[in-house]
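Overview (structure and organization)
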Amino acid sequence: MSDLVAKDLSMVFDVGSGGQVHALNNINFTLKSGELLSVLGPSGCGKTTLLNIIAGFNHPTSGGVYLGDEEIKGPGVNRGMVFQQGALFEWLTVSENVDFGLRMKGTDPKKSRKMVDEWLDIVGLAGFGDVPTYQLSGGMQQRIALARCLINDPDLILMDEPLGALDALTREKMQSLVLKIWKETGKTIMIITHSVEEALLLGERLFVMAPRPGRIHKEYNLPFADRGVTEDTRDIKNGDDFIHTREEILTMIWDMEEEIMGQV
Amino acid sequence: MFDFLFEYRGVIVGTIFVALIAAVIWAFFYGRKLIRTEKNDAVFGNPARALGGWHWVITGVSAILIVWLYFSWDAARAFHPKAANELCQVAKLSSAVNPIRSTFPLEKEFLKGTSLLVRENAQLSELEERVERLGFSETEKAKAKETIDLMRAAITGMTSPEYLDAETSSQFKSIEARIDDLTAKLADENYPGEPTTEQVAAAEKNARWGDSGNEIPNAPASPRGYKFDAAAKEMKSIASDFSKIRNKNENFLAQIEKLKAQIASLDELAQASPGVDELLVQNRADFVKGLTRVLRRVDDGNIFPPDALNNVQAALVKLDDEQKSQQGGLRFYDTFMMPGGQITSGSSSCSEQGSGRWLPKPSDTLRTFARISNPEIGYKGYPLLWYKMKPFGEMVDFVLPDFISSLVPGKFPRHDENGIVTPNFKSKVHDIVTGNFESFKVPMPSGHVWDSLLRVLAGLFFGIILGVPLGLFMGLSRFSKGFFDPMIELYRPVPPLAWAPLILTIFGIGDDGKIFLLFMVAFAIMVISARTGATGTHLSKIHAAHSLGATNRQILRKVILPNSLPEILTGIRIAIGVCWGTLVAAEMLAGTTGIGFVENVARKQSDYEIIWTTIIILGLLGLLFDLMMRWIIDKVIPWRGKG
Ligand SMILES: Nc1ncnc2c1ncn2[C@@H]1O[C@H](COP(=O)(O)OP(=O)(O)O)[C@@H](O)[C@H]1O
Ligand SMILES: [Mg+2]
């Protein structure tokens, strides 16, 4: 496995009537193999743009992203994606969704059936293989999306607000699941969120991004993700240092928001 | 079996009618009761209120059938089959009275003489006005005006009572007396006496109501019928004598003679002064022609003094009252059981007019349907829907393209000196692909309905297999969207039937033209729905598929195509409907088979039962198609709207 490196990454969108949006401005960072990074920031600060560039769906205006020695030029199986919602193939059953990547590669069905069963077990959906996906709840659908992405064994997992559409209870359960998977598989994970609590809990490292131009405003190294693997996540969230960091970041984002409002 | 049903159709239809009314009443009250117990229905606007309920379905269907039975007079025929025959006799009397009645302001606004007078005066004023404009010489002008004044005097000569001669007055008196006499006879129970043996025989020969088209049994067959029939005969002669009466008194005849001379001299004057101006010549001729025309009508002598006809009118009103009271319950029956029209009497027979005529009776429609469903009879020698034994070779010929034989190496055999052709492998292949071989026969559906179905399915088939790929392609590439869009958007908005004359000319009136027309219809719809489906694919699904390692082709087949299926199937559902409508119209334009053809022939022959039969067949088939598509959509894309 290899590190993810962003070098002088900039992204400028042309908007109508000659205007330009600096969605990303000179982003530099290195994400080591096996790290868990969460990215937080007010809406419109370029989080999705950054993720899409890393996934290979967009080309940056300048600079580049490298996974190991290779520059990222387009989408590939070494980077798995989990989206907020709506990215499951609703005409397929649960197991057909999960083994989609394997089928595209032409894996032996017997082998893939075994892998599907394993992964369904890991995400807590054992026995749901033949159910059509559209009959499942939002939380279950995101579990399938996780399994579908992980079964392909990617080096890097990119998640764009994966838990954003879930209710609070399901969300907490899914947070534990993400941590469990991170620890057990040792994958590099980059997760975008707009919830400060989630960012703190799911971030070994945390980038707080600021808008106009989109940039990394502040970076944290946090202990909560490691502790979350063994301890109860509710206890962590009630700890003093957790609350302290949370308030600090919240104030920072509030200030940013006010600055934006002031500009308008 | 149908003959048996036909024999008792009155009882059957009557029972059904009563049962339907009972069903409506019962379902209505049942529905009312449910409404009171249904909790959801308490809130106005709750969609649960629109869920319907089978009792309301019963109410609706029954209501339609009742209206049909009622307005087509099927119910009337079931409950009182003899009424039509009696009403026919009544109609005979009314049509006999009509020539006299139309003289009086009984149904119209004006007395006939009044209307004539108004018209002639208007014409004369118009001519008078023209005199000034036409460029007549002064002498001519004077003469023309004189003529017009004379004409007015002649008309006044007819309207003033003092000139009415004694003979005409006595003629009116006699008509009045005869009408009064007839009124008395109508009131008389014994009139016209015992029917003659011929009358009885004719009554027995009467067919039943509706046995042949709209014909109503013509010969009187009941005491009331005999009475009205006899009265009608007498009335006919009275009316004929009445119409011969003319207002031609001495004074009037003298004036007419004078007028004729006057016009002739006017004409001479015109001829004697030859104008250089062609227009003037024409104008003069037209003027004289106009005068002559008015004169001819005045000369008919149909205008009488205003009160000369009062007594006749009074007599007629009395006759009217009497014949109405003689009709008794029949009048009630005419109004309430035969709505929207009445029975009228023509020169030789009586017939239904109004809704009874153009709305065929359900029982007759069913009988017609049963008749033409019989494959032995069919319509125009072709069954509606049946099967035919066809040699298997014909199907091979249809399925395999003929050029296969040209691909086989070698040459086709030639005849030798003895005129014998020895087949070789190439010619044998040719025989097979052209279906030219002995083969067993297999049953194949055939008939008008099948032909129509086949055309729709063929057009739809080609529209789908060509339209869907193009639509997906257009949804995925800038080039094809830009390149094909103008072509499709230009031909699509043209109503399909506007293409029909052109396409039928190019492809001929056979199946090819119709199938091509339907193909055009289906193609545009399929392209647009497939394109909408393709462009509507959620971007995150495409992204997900890409990062799961799918190739472009795999994404097209495994993501974009299934994602477009709901749109495509909805497109097919719409296309079926539009094709169906287009086909029937196209078949009406040209062709020798198909439902549209049947309806068109029936239209030319005013065969309303066949027309309604085809309408019902079309409606049911359309409904069937739609239910089928809905079922398919439910089965194939259960995820629709849940992505
Ligand atoms: N395709 C695009 N065209 C033009 N502007 C875009 C496009 N994609 C994103 N942007 C702009 O770039 C900025 C960052 O967007 P995004 O990365 O989606 O923000 P976030 O995910 O942090 O909410 C926004 O101001 C957005 O309007
Ligand atoms: Mg975003």
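Counting from 1, residues in each chain are numbered in the order their sequence is written. Labels are handed out in written order, letters beginning with A for the chains and numbers beginning with 1 for the ligands. Only residues with pLDDT of 70 or above have their local features reported here, since the model is predicted, and side-chain atom pairs are shown and tallied only from 80 upward, although totals for entire chains, interfaces and linings are computed over all residues. Computation of side-chain values: all heavy atoms of the structure, hydrogens and water removed.

1. Notes on the overall build of chain A
The way it works is that DSSP assigns letters per residue, a run of H or I at least four long becomes a helix, a run of E at least two long becomes a strand, and they are numbered from the N terminus. Scanning chain A from N- to C-terminus turns up 10 helices and 10 strands. The C-alpha radius of gyration of chain A comes to 19 Å, within 12% of the 18 Å expected for a compact globule of 264 residues. The principal-axis extent of the C-alpha atoms belonging to chain A is close to 55 × 45 × 35 Å. Under the scheme applied here, a residue whose accessible area is under 20% of the maximum for its type counts as buried, over 50% as exposed, and between as partly exposed, the area being computed with a 1.4 Å probe on protein chains only. A buried classification covers 52% of the 264 residues belonging to chain A. By sequence separation, contacts in chain A at least 24 residues apart represent 70% of the contacts at least 6 residues apart. Computed with the Shrake-Rupley method and a 1.4 Å probe, the accessible areas treat only the protein chains shown as cover for residues. Here chain A has roughly 11800 Å² of accessible surface; of this, 47% comes from carbon and sulfur atoms. Put simply, the radius of gyration uses C-alpha atoms, and a globule should come to 2.2 Å times the residue count raised to 0.38. When checking whether two residues touch, look at their non-hydrogen atoms; a contact exists if any pair is within 4.5 Å.

2. A few points about the site of ligand 1
Residues and elements named next belong to chain A. Whether a residue is near a molecule or strand depends on its heavy atoms: it is near if one of them lies within 4 Å of it. In the region of ligand 1, the neighbouring residues are Phe13, Val15, Val21, Ala23, Ser43, Gly44, Cys45, Gly46, Lys47, Thr48 and Thr49. Polar contact criterion, stated in full: a pair of N or O atoms within 3.5 Å, where within protein one must be able to donate a hydrogen and the other to accept it, and residues adjacent in sequence count only if both atoms are side-chain atoms. Separating an oxygen atom of ligand 1 from a backbone N or O atom of Gly44 is a distance of 2.8 Å. A distance of 2.9 Å separates an oxygen atom of ligand 1 from a polar backbone atom of Lys47. Summarising the interface, the protein chains cover 61% of the accessible area of ligand 1, which totals 560 Å² for the free molecule. Taken together, the elements giving at least two residues each to the shell around ligand 1 come down to strand S2 (20–31) and helix H1 (47–55). Among the elements that line the shell around ligand 1, the one with the most residues is H1, at 3 residues. When residues are grouped by polarity, Ala, Val, Leu, Ile, Met, Phe, Trp, Tyr, Cys and Pro land in nonpolar, Asp, Glu, Lys and Arg in charged, and all others, Gly among them, in polar. Looking at side-chain class alone, the shell around ligand 1 contains 5 nonpolar, 5 polar and 1 charged residues.

3. Quick notes on the UniProt feature "domain: ABC transmembrane type-1" (unreviewed entry) in chain B
UniProt records the feature "domain: ABC transmembrane type-1" (unreviewed entry) at residues 449–629 of chain B, using the numbering of this structure. Annotated as residues 449–629 of chain B, this span is 87% helix and 0% strand, and its ends, taken at the C-alpha atoms, are 19 Å apart. UniProt positions are given in the numbering used here, feature names are shortened, and annotations may be inferred rather than shown by experiment.

4. Focus on the pairing of strand S9 (residues 205–210) of chain A
All names here are of chain A. Counting buried residues in S9 gives 6 out of 6 residues, a clear majority hidden from the surface. Across the two faces of S9 the burial is the same, with Arg205, Phe207 and Met209 and Leu206, Val208 and Ala210 all buried. When DSSP finds at least two bridges between two strands, those strands are taken to pair. Relative to S9, strand S3 (residues 36–40) runs parallel, the two being bridged by 4 bridges. Looking across to S9, one finds that Val39 is bridged to Phe207. Where S9 and strand S10 (residues 215–221) come together, 6 bridges link them in antiparallel fashion. For Met209, the partnering residue across the bridge sits in S10 and is Ile216. The hairpin turn running from S9 into S10, its antiparallel successor, is 4 residues long, and Arg212 in that turn takes a positive phi close to 50°.

5. Examining unusual backbone geometry
The linkage connecting Arg212 of chain A with the following residue, Pro213 of chain A, adopts the cis geometry, with an omega of -5°. By the secondary structure assignment, Pro213 of chain A is in the loop between S9 and S10. Here the residue pair Tyr191 of chain B and Pro192 of chain B is connected by a cis peptide bond, since its omega of -5° sits within 30 degrees of zero. Along the chain, Pro192 of chain B turns up in the loop between helix H8 (166–187) and helix H9 (197–205). Non-glycine residue Glu161 of chain A carries a positive phi angle of around 45°. Look at Glu161 of chain A and you get buried, because its relative accessible area is 14%.

6. With respect to the state of the cysteines
All names here are of chain B. When two cysteine sulfur atoms lie within 2.5 Å, the pair is treated as a disulfide. All chains considered together, the criterion is met by 1 disulfide over all chains. Between the sulfur of Cys88 and that of Cys350 lies a disulfide, 1.9 Å long from S to S. Negative torsions about the S-S bond denote left-handed disulfides, and the value of about 70° found for Cys88 with Cys350 makes this one right-handed. Residue Cys88 is found in helix H5 (residues 83–101), and its partner Cys350 is found in strand S3 (residues 350–352); the two are separated by 262 residues along the sequence. On the basis of relative accessible area, Cys350 is assigned to the buried category, the value being 0%.

7. Let's talk about the pattern of salt bridges
Note on pairing: side chains with opposite charge can pair once their charged atoms come close. All names here are of chain B. Think of a salt bridge as a Lys or Arg side-chain nitrogen and an Asp or Glu carboxyl oxygen that are within 4 Å of each other. Counted under the stated rule, the structure contains 44 salt bridges over all chains. Linking Arg101 and Glu107 is a salt bridge whose minimum nitrogen-to-oxygen distance equals 3.2 Å. Judged by relative accessible area, which is 10%, Arg101 ranks as buried. Arg178 serves as the salt-bridge partner of Asp241, at 2.7 Å between the closest nitrogen and oxygen. Note that Asp241 is positioned in helix H10 (residues 223–244) and Arg178 in helix H8, a separation of 63 residues in sequence. Three or more residues joined by partner-sharing salt bridges are found here, namely Asp74, Arg77, Asp364 and Arg367.

8. Things to note about the environment of Ile53 of chain A
Residue and element names in this part refer to chain A. You can see Ile53 is positioned in helix H1. Sequence-wise, Ile53 and Ile72 are 19 residues apart; in three dimensions their C-alpha atoms are separated by 8.2 Å. In this view, Ile53 contacts Leu9, Met11, Leu24, Asn58, Pro60, Val65 and Ile72; residues no more than four positions away in its chain are not counted.

9. Some remarks on the packing of H5 of chain B against helix H13 (residues 310–327) of chain B
How two helices pack is summed up by the angle between their axes together with the distance between the axes. Residues and elements named next belong to chain B. Close contact between H5 and H13 brings their axes to 12 Å; oriented N to C, the two are set at 170°. One finds that H5 runs roughly antiparallel with respect to H13. Contact with H5, carried on its side by Val90, Leu93, Val97, Ile100 and Arg101, involves Val312, Leu316, Leu319, Asp320, Gln323 and Gln327 of H13 and no other residues of that element. Taken together, the residues that form the contact of H5 with H13 break down as 7 nonpolar, 2 polar and 2 charged. Angular values range over 0 to 180 degrees, each being the angle between N-to-C directions of two axes fitted as lines to C-alpha atoms, with helices fitted over their stretch in contact. Should an angle fall under 35 degrees it is taken as roughly parallel, and over 145 as roughly antiparallel, whereas 65 to 115 is taken as roughly perpendicular and any remaining angle as oblique.

10. Brief notes about empty space enclosed by the protein
Here a cavity is any set of points on a 1 Å grid over the protein atoms alone where a 1.4 Å probe fits but cannot get out, and a pocket is any open set with protein on both sides within 12 Å along at least 5 of 7 lines; a residue lines the site when it has an atom within 4 Å of a point. Grid points are joined across faces, edges and corners, and a volume is the space filled by probe spheres set on the points. Summed over all chains, the structure comprises 2 cavities of 30 Å³ or more. In this structure, the largest cavity occupies an estimated 40 Å³ of space. Lining of the largest cavity is provided by Met81, Ala145, Arg148 and Cys149 of chain A together with Ala544, Ser547 and Leu548 of chain B. Per-element accounting of the lining of the largest cavity gives the leading share, 3 residues, to helix H5 (residues 138–150) of chain A.

11. Some remarks on the domain arrangement of chain A
Residues and elements named next belong to chain A. Each assigned domain of chain A is listed with its residue range as follows: domain 1 (1–78 + 157–165 + 174–255) and domain 2 (84–153). Throughout the structure description, domain borders are defined by an automatic or database domain assignment. Between the C-alpha centres of domain 1 and domain 2 the distance comes to 25 Å. Opposite the 14 residues of domain 1 that make contact, domain 2 presents 13 residues. Once two parts are brought into contact, the accessible area they lose, counted with a 1.4 Å probe and summed over both, makes up the buried area. When domain 1 packs against domain 2, close to 1200 Å² is buried across both sides, 67% of that on carbon and sulfur atoms. Linking domain 1 with domain 2 are 1 salt bridge, by the criterion used here. With a closest N to O distance of 2.4 Å, Asp153 and Lys187 form a salt bridge. The interface formed by domain 1 and domain 2 contains 4 residue pairs in polar contact (both at pLDDT 80 or more). Listing elements by their share of the side of domain 1 that touches domain 2, those giving two or more residues are strand S7 (156–160) and helix H6 (168–185). No other element matches H6, which puts 5 residues into the side of domain 1 that touches domain 2. Along the lines of polarity and charge, the residues of the side of domain 1 that touches domain 2 split into 8 nonpolar, 2 polar and 4 charged.

12. Remarks on a nonpolar patch on the surface
Residues and elements named next belong to chain B. Residues Phe392, Phe398, Val399, Leu400, Ile432, Phe437 and Phe440 make up a contiguous nonpolar surface patch of roughly 720 Å² in combined accessible area. The element best represented in the nonpolar patch is helix H17 (residues 392–399), accounting for 3 residues. On the accessibility criterion, Val399 (62% relative accessible area) is exposed. Excluding any residue in a salt bridge, patches collect residues exceeding 30% relative accessible area, merging like charges within 9 Å and nonpolar Val, Leu, Ile, Met, Phe, Trp and Tyr side chains within 5 Å.

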